[in-house]
Structure formats: C-alpha cells, structure tokens
Amino acid sequence: MKNEVLESLKTRRSVRKFSSRPVEPEKLEAILEAATYAPTGMGRQSPAIVLVQTPETVKKISQLNAKVIGREMDPFYGAPAVAIVFGNPAAVPTWLEDASLVAGNLLNAAHAVGVDSCYVYRAKEVFSSDEGRALMKEWGLDDTYVGVANCVLGYGEGEAPQPKPRKADYVRIV
C-alpha cells in the first residue's frame, strides 16, 4: 500500500553526523507541535519537552551524557539542537510510555519536514545528576520530572544510513 505517512515512517533513519546548520524555527515549531499530539495515558499530556539550541547548553548536556558513558565523545554527534523529553511519574502511571511516544512522534515529525534526528539515551542519568537537576530548575521543571529521551535534531552530513533488513519473525499474526 502506498501512503505518504507510511513511507515517511519506513524511511526515517538515525543520523550520527550533523552539520552546524541550524534548523529553521518554523520546522522546529512543526516538529514540537506534532510531538504534543502523541497519545498519553488518560489524555493527561504528562510529558514535558525542552528544546535546547544554544551551542553552550547543547555542548554541556552532551558532555554530561558522555560522562555517563565514561568516554570522551560527543553523543549528540554535532547536532545544533536537542529536544529533551521528560516524563512525570507523579502525574500518571503511564508516564514512561507517554514520554516515549512523544519522543517517537518528535523523531518521525522531524523526518517528515526534512530534518534529521537521532534518539540518544541516558537522559535519566543526566537529569538525575546535580548539574542536570540545576538545568531542569532553570527550565521550570520540578523534581517530579524524569529525563526520558534526548532527540538530537539537525541536518546530516554525508550519506544517509541505509536500513537494516527487518527480521523474519518481527510480526506474528495469530
């Protein structure tokens, strides 16, 4: 079946090398708006998204992320922006699933408007550190929030990654 949305879902890839070219504000707005339409438990809209574009802060969060890994590297791959998705365990029992769905919408929406992305883990560890908590406070998020996903955004450099074949037993129909 041919469908533009289905094609977009099948062609999105994680990009791990970004140019410094900033993402246009109208594209960021569209991506963030689409993310807010992810399903959430009981319709509570419990997640929060923080978009970081200032190079110093993106670099700081990337360094905190690398510290969790225990290696000197840029886990954000030079991306000029990162959208951090937080969940709120105090709001609803499905907080982790809600935040994960928001991150998925964010990544797919980015691809739909021609922006490359990558889901980067370790948001939980970064934002449970003293430095991470201080950033959250600066952004108006209280201690009930937990970091779930770092979604780096930008324009990739080099060739787009090719998809791996889907495994044979991925879907079982009963």
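I will try to describe carefully the structure that is included in this document. Here the residue numbers are simple positions, counted from 1 along each chain's written sequence. Local features in this predicted model are restricted to residues of pLDDT 70 or higher, and side-chain atom pairs are both shown and tallied only at a pLDDT of 80 or more, whereas totals for entire chains, interfaces and linings draw on every residue. To get the side-chain values, all heavy atoms of the structure are used, and hydrogens and water are removed first.

**Let's talk about the nonpolar core**
In step 1: Core analysis: the biggest nonpolar cluster contains 24 residues, and I31, V85, L106, V115, A149, C151 and L153 have the highest contact counts within it.
In step 2: Numbering of helices and strands runs from the N terminus, with a helix taken as a DSSP run of H or I at least four residues long and a strand as a DSSP run of E at least two residues long. Ranked by the residues each element gives to this core, the list is headed by helix α4 (residues 95-112), at 8 residues. Residues grouped as a nonpolar core are buried Ala, Val, Leu, Ile, Met, Phe, Trp, Tyr and Cys residues, joined through side-chain atoms within 4.5 Å. Burial classes follow relative accessibility: with a 1.4 Å probe on protein chains only, a residue under 20% of its type's maximum area counts as buried, one over 50% as exposed, and anything between as partly exposed.

**Overview of the pattern of salt bridges**
In step 1: Salt bridge, as used here: a side-chain nitrogen of Lys or Arg that lies within 4 Å of a carboxyl oxygen of Asp or Glu. Per the stated rule, a full pass over the model turns up 4 salt bridges.
In step 2: Residue R21 is joined to E24 by a salt bridge in which the shortest nitrogen-to-oxygen separation is 3.1 Å.
In step 3: For R21, a relative accessible area of 42% translates into the label partly exposed.
In step 4: The closest approach of N and O atoms between R133 and D143, which form a salt bridge, is 3.7 Å. Here the residue R133 occupies a position in helix α6 (residues 130-138), and D143 occupies one in the loop between α6 and β4 (146-154), the gap between them amounting to 10 residues.
In step 5: For R133, a relative accessible area of 24% translates into the label partly exposed.

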